[in-house]
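Summary of structural features
Each chain, letter by letter, is given below.
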Amino acid sequence: MPEQPGKNAIEVRGVRKVFGTGENQVAALDTVSVSIRENEFFTLLGPSGCGKTTLLRLIAGFDFPTAGEILLHGQDIAPLPPYKRPVNTVFQSYALFPHMTVAQNIGFGLEMLGKPKAEIEARVAQMLKLVKMEALKARRTSQISGGQQQRVALARALAPQPKVLLLDEPLSALDYKLRKEMQIELKRLQNETGITFIFVTHDQEEALTMSDRIAVMSAGKILQVGTPRDIYDRPAERFVADFIGETNFLPGTVLSKQAGVATVKFASSATISAGYPEGFNPTGEVTLVVRPEHADLVPDPAKGTITGTLSNIVYFGTDTHYHVKLDGGGENFIVRHQNSRSSAVIYETGAKVGIQFEEDAARVLKD
Ligand code: ATP
């Protein structure tokens, strides 16, 4: 799907953030630039310690960049303290006031801003409705469930109508089922309010299902920005392919390339032609990336692009994973077949098999 251009809500330009001094120096953000559009559900995705929270804190104004600038609707926000920024944050811990009621918690930010009582009441009522908490408005937040606390935290952050809502792993304290429900709820809230959401998570599935666009981060850098489909189907780097979803990596050598397609040879002497990311010039040793569901198993090895021996079959209910020890050596290659009620069991471990790829399934990346 082509990306829709839109106005930028936030522009992060050449932002660097260094903590500590001397030998203890850590570049939590190593010169990051990214634009986040108005009304976008934008996710910062990456492993622990990659700099996600640091970037959120700089946007919120809880901390300052060592270098670079952050613009909100084209304006440099450096001079604005956090409370003057049209930005609000939902923390992982919710940070609710346990002795206050649900309604008092939601109205708290508006009271601090000195809004008139009638306006606060109207807005709180609207927020209670938005997060479906009207029935519990008089309860203390110490007397409601984790999922309900999460809704209150969201309502409180949305009440002052921020232009941008920052969400730092807001669902991580919830159990699996509730997390799934809240993912849908968050998406709905973002759609209904039209507020730009910047969502931090280390959960790739959460990022893929909720986001309009994702920035994949590693070690203080943004490696790739794109729609979930872009990131999943066209990873720009090995790290991105590895971090998101399951992937097979095949080492190979480039034989030739033409018009964005490289022909790669494997140890088994099979060859595959595949595309590669813009800006990458494949030569010498490379890695070929293939998603398990984009490969097919065929019982006749002669019909496979590559061949091997079935070493393991793992049944997952919805699908089955076939682990294949490739003839050229290297790691097991995994093929995923979706199960249907009529799926026949035709493979047994120890069988010689072939692996075929769907068109465009493979992608050549830097070794
Ligand atoms: P997590 O998912 O675990 O919250 P993260 O991706 O949000 O991780 P950050 O919290 O942004 O990562 O941290 C990035 C790096 O900066 C880490 O190496 C961290 O140890 C370091 N760091 C963060 N805050 C500080 C600080 N106040 N002082 C020193 N180092 C810090």
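As recorded in an unreviewed UniProt entry, the chain goes by the name Spermidine/putrescine import ATP-binding protein PotA, listed as coming from Mesorhizobium plurifarium. Its UniProt record gives the chain a comment under Function (unreviewed entry), which states: "Part of the ABC transporter complex PotABCD involved in spermidine/putrescine import. Responsible for energy coupling to the transport system." Entered under Subunit (unreviewed entry) in the UniProt record, the comment concerning the chain runs "The complex is composed of two ATP-binding proteins (PotA), two transmembrane proteins (PotB and PotC) and a solute-binding protein (PotD)."

What follows is about the sheet that holds strand E16 (residues 306–315). Where strands meet in a sheet, backbone hydrogen bonds hold them as pairs that are either parallel or antiparallel. On the basis of which strands lie adjacent, the open sheet formed by five strands has the order E15-E19-E16-E17-E18 and antiparallel pairing. Looking at strand neighbours, the two that pair on one side only are strand E15 (295–298) and strand E18 (333–338), the edges of this open sheet. Pairs of neighbouring strands in the sheet enclose a mean axial angle of 45 degrees, with direction left out of account. In this sheet, strand E19 (residues 352–357) lies alongside E15 in antiparallel orientation, the contact comprising four bridges. Bridge pairing in E19 links Leu297 to Ile355.

Core analysis: the biggest nonpolar cluster contains 87 residues, and Ile59, Ile106, Ala155, Leu165, Ile198 and Leu288 have the highest contact counts within it. The biggest single contributor to this core is helix H4 (residues 146–158), with six residues. Domain assignment of the residues forming this core places at least three in each of domain 1 (8–238) and domain 2 (248–366). Apart from the residues lying within four places of it in its own chain, the contact partners of Leu165 are Asn88, Val90, Ala157, Leu158, Ile195 and Phe197.

What follows is about the site of the ligand. Close to the ligand lie 13 residues; Phe19, Ala28, Ser48, Thr53 and Thr54 are nearest. Those elements that provide at least two residues to the shell around the ligand are strand E2 (26–37) and helix H1 (52–60). In terms of residues, the shell around the ligand owes the most to one element, H1, which gives three residues. Within the shell around the ligand, the residues separate by chemical class into four nonpolar, eight polar and one charged.

The first and last C-alpha atoms of helix H3 (residues 117–130) sit 20 Å apart over 14 residues, in line with the 20 Å expected at 1.5 Å per residue. For H3, every residue scored as buried is listed here: Ile120, Arg123, Val124, Met127 and Leu128. The buried residues of H3 occupy an angular sector of 140 degrees when the element is viewed end-on, so they sit on one face. Along H3, exposed side chains directed more than 90 degrees from the buried face belong to Ala118, Glu119, Ala122 and Lys129. In the segment just after H3, Lys132 is the residue with positive phi, at about 55 degrees.

Residue His73 is not a glycine yet carries a positive backbone phi of 50 degrees. Looking at the element boundaries, His73 is found in the loop between strand E4 (67–72) and strand E5 (75–76). Among the residues examined, His73 registers 14 C-beta atoms within 10 Å and is labelled partly exposed. Its identity is not glycine, yet Ala259 carries a phi of approximately 45 degrees, on the positive side.

How each quantity is defined
- Residues numbered from 1 in each chain as written.
- Predicted model: local features only at pLDDT ≥ 70, side-chain atom pairs only at ≥ 80, totals over all residues.
- UniProt positions renumbered as here; feature names shortened; annotations may be inferred.
- Pairing = 2+ DSSP bridges.
- Helix = DSSP H or I, 4+ residues; strand = E, 2+ residues; numbered from the N terminus.
- Axes fitted to C-alpha atoms, helices over the stretch in contact; angles between N-to-C directions.
- Core = buried A, V, L, I, M, F, W, Y, C linked by C-beta atoms within 7 Å.
- Buried ≥ 20, exposed ≤ 12 C-beta atoms within 10 Å, placed from the backbone.
- Domains from an automatic or database assignment.
- Contact = placed C-beta atoms within 7 Å.
- Near = placed C-beta within 6 Å.
- Nonpolar A, V, L, I, M, F, W, Y, C, P; charged D, E, K, R; others polar.
- Expected span 1.5 Å × (residues − 1).
- Arc of directions from axis to C-beta.

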